[in-house]
Amino acid sequence: EAQVTQNPRYLITVTGKKLTVTCSQNMNHEYMSWYRQDPGLGLRQIYYSMNVEVTDKGDVPEGYKVSRKEKRNFPLILESPSPNQTSLYFCASSFNAGRAGYTFGSGTRLTVV
Amino acid sequence: AQSVTQLDSHVSVSEGTPVLLRCNYSSSYSPSLFWYVQHPNKGLQLLLKYTSAATLVKGINGFEAEFKKSETSFHLTKPSAHMSDAAEYFCVVSQMNTGFQKLVFGTGTRLLVSP
């Protein structure tokens, strides 16, 4: 089944403890992206990648890092999480430069205390 | 830059009555527009997309949307609501950004369906 898989689905962590949220897609898509969803704000792009070793900042990149060493994987790294990063995170992938739409993962709900 | 405005944060309907979720967009060129649905504790699912072909776009689960350039609108409709339609709906415009289509999301409309 074609899908984007995120792990974990839920995570509670403490301020300053490094964490990684994984994202993997099995559709051979070039383009991958991370979004955060906050009430009343919709989804905002954090980082994106157009292909292996090609990444760039989205609209809200502060406090996050990403890497794209393989085409299928695009992990999101929080080096020193803070409470304002408590949010619902989505990974998405697409082909054809996104013209046909995107496939989203099921989301990761992160709470930083 | 492209943007979308979803005019209602919440819409309540009764089962069997029509659904109208409103979306206005701003775009400096011919946009691609999407509607996504998010059911509770689920990811986002593509309902339908407009990419400069027919202005009336049919999607899944009986939803459709009409692109109206003169009104810069892309409202989502369904003739008869079902309880399973209760979810959050996002209107999305895509903008070209260094070789790919970046998605710009609206703030969402929560659809409530009562029996």
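Residues numbered from 1 in each chain as written. Chains lettered and ligands numbered in written order. Predicted model: local features only at pLDDT ≥ 70, side-chain atom pairs only at ≥ 80, totals over all residues. Heavy atoms only, no water.

Novice: Hey, could you run me through the sheet that holds strand β7 (residues 65–66) of chain A in this one?
Specialist: In a beta sheet, neighbouring strands are held together by backbone hydrogen bonds and run either parallel or antiparallel to one another. Residues and elements named next belong to chain A. Strand order across the open sheet formed by four strands is β1-β3-β8-β7, with antiparallel pairing between neighbours. Either end of the sheet is taken by a strand with one partner, and the two such strands are β1 (4–7) and β7. Pairing of strand β3 (residues 19–25) with strand β8 (residues 76–78), which is carried by three bridges, proceeds in the antiparallel orientation. Its bridge partner lying in β8, L19 is registered against L78. (Pairing = 2+ DSSP bridges. Helix = DSSP H or I, 4+ residues; strand = E, 2+ residues; numbered from the N terminus.)

Novice: So what exactly am I meant to see when it comes to the state of the cysteines here?
Specialist: Two cysteines form a disulfide when their sulfur atoms are joined by a covalent bond. All names here are of chain A. With the rule as written, the count across this model stands at two disulfides over all chains. Disulfide pairing places C23 opposite C91 at an S-S distance of 1.9 Å. Measuring handedness by torsion sign, the sulfur bridge of C23 and C91 sits at about -75° and is left-handed. On the criterion of sequence distance, the pair formed by C23 in strand β3 and C91 in strand β9 (residues 87–94) is long-range, its members being 68 residues apart. Residue C23 shares its accessibility class with C91, and that shared class is buried. (Disulfide = S-S within 2.5 Å. Buried < 20%, exposed > 50% of the residue type's maximum accessible area, 1.4 Å probe, protein only.)

Novice: Looking at this structure, how should I read the nonpolar core?
Specialist: Nonpolar side chains tend toward joint burial in soluble globular proteins. Core analysis: the largest hydrophobic core is formed by 27 residues, its most contacted members being W35, L48, L76 and Y89 of chain B. Ranked by the residues each element gives to this core, the list is headed by strand β10 (residues 87–97) of chain B, at four residues. The contacts of L76 of chain B, once residues within four sequence positions are left out, are V19, L20, L21, W35, L47, L48, F63, E64, A65 and Y89 of chain B. In this structure, V21, I46, Y47 and C91 of chain A belong to the second largest nonpolar core, which totals 18 residues. (Core = buried A, V, L, I, M, F, W, Y, C linked by side-chain atoms within 4.5 Å. Contact = heavy atoms within 4.5 Å.)

Novice: Sorry if this is basic, but what is going on with the pattern of salt bridges here?
Specialist: When the charged atoms of two side chains lie near each other, side chains of opposite charge can form a pair. Residues and elements named next belong to chain A. If you walk through the whole model with that rule in mind, you get eight salt bridges over all chains. R44 is the partner of D38 in a salt bridge, and the nearest nitrogen-oxygen pair spans 2.8 Å. You can call D38 buried: its relative accessible area is 10%. When salt bridges with common partners are traced through the structure, they connect R36, D38 and R44 into a single cluster. (Salt bridge = Lys/Arg side-chain N within 4 Å of Asp/Glu carboxyl O.)

Novice: Help me understand the interface of chain B and chain A, please; the structure alone is not making it clear to me.
Specialist: When the parts of a complex come together, some accessible area is lost, and that lost area is often used as the size of the interface. Taken together, the contacts link 23 residues of chain B with 24 residues of chain A. With both sides pooled, the region where chain B packs onto chain A buries about 1800 Å², and carbon together with sulfur makes up 56% of that total. At the surface where chain B touches chain A, the tally comes to zero salt bridges. Elements with a contribution of two residues or more to the side of chain B that touches chain A: β5 (32–38), β6 (44–50), β10 and β11 (100–105) of chain B. A total of five residues in the side of chain B that touches chain A trace back to one element, the largest contributor, which is β11 of chain B. (Buried area = accessible area lost by both parts, 1.4 Å probe.)

Novice: Help me understand the packing of aromatic side chains, please; the structure alone is not making it clear to me.
Specialist: In this description, an aromatic ring pair is defined by two values, namely the gap between the centres and the angle between the planes. All names here are of chain A. Under the defined criterion, the tally for this structure stands at 15 aromatic pairs over all chains. An angle of 75° between the planes, with centres 5.4 Å apart, marks the rings of Y31 and Y102 as edge-to-face. You can see Y31 sitting in strand β4 (residues 31–38) and its partner Y102 sitting in the loop between β9 and β10 (103–104), a full 71 residues away along the chain. You'll find Y31 and Y102 in the same group, each marked buried. (Phe/Tyr/Trp six-rings, centres within 6.5 Å; stacked < 30°, edge-to-face > 60°.)

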